[in-house]
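Architecture at a glance
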Amino acid sequence: MSTPTGDNSLHELESVVEAELAMAESSDPADAAELPVTEWLFDPADAQRDEVGLRSLLGAVEALEGDAPLGDAMDGRA
């Protein structure tokens, strides 16, 4: 798949996902779970699910970035 901005868009997406992941990690759901439910600013289970999803997305972006040069090289051979 090709985008108008090329690999730059994948790099931008990776940067955004890394920033979101850093925020998710800093939320520390384990500490929040120790508080009474009435004092939660967020649901710790939701925070953990978000973190897992962000890690999966980051892995997918990194895999696509790794595949980009190979795909370009294969297109040149065809």
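Just above sits the structure.
What counts, and where the lines are drawn
Residues numbered from 1 in each chain as written. Predicted model: local features only at pLDDT ≥ 70, side-chain atom pairs only at ≥ 80, totals over all residues. Heavy atoms only, no water. Helix = DSSP H or I, 4+ residues; strand = E, 2+ residues; numbered from the N terminus. Buried < 20%, exposed > 50% of the residue type's maximum accessible area, 1.4 Å probe, protein only. Contact = heavy atoms within 4.5 Å. Areas by Shrake-Rupley, 256 points an atom, 1.4 Å probe, with all protein chains shown as cover. Salt bridge = Lys/Arg side-chain N within 4 Å of Asp/Glu carboxyl O.

Turning our attention to the overall build of the protein chain. When helices and strands are counted, the protein chain shows 3 helices and 0 strands. Helices (α) and strands (β) of the protein chain occur, in sequence order from the N terminus, as α-α-α. By residue count, 18% of the 78 residues in the protein chain fall in the buried class. For the protein chain, restricting intrachain contacts to residue pairs at least 6 apart in sequence, the fraction spanning at least 24 positions comes to 66%. Of the accessible surface of the protein chain, which amounts to about 5700 Å², a share of 59% is contributed by carbon and sulfur atoms.

Moving on to the pattern of salt bridges. Applying the stated criterion to the full structure yields 3 salt bridges. With its nearest N and O atoms 2.4 Å apart, the salt bridge here joins E25 to R55. In this pair, E25 sits in helix 1 (residues 7–26) while R55 sits in helix 3 (residues 44–77), placing the two residues 30 residues apart along the sequence. Measuring nitrogen to oxygen at the nearest pair gives 2.2 Å for the salt bridge that ties D46 to R49. One end of the pair is D46 and the other is R49, both in helix 3 and 3 residues apart, which spans about a single turn. For R49, a relative accessible area of 51% gives the class exposed.

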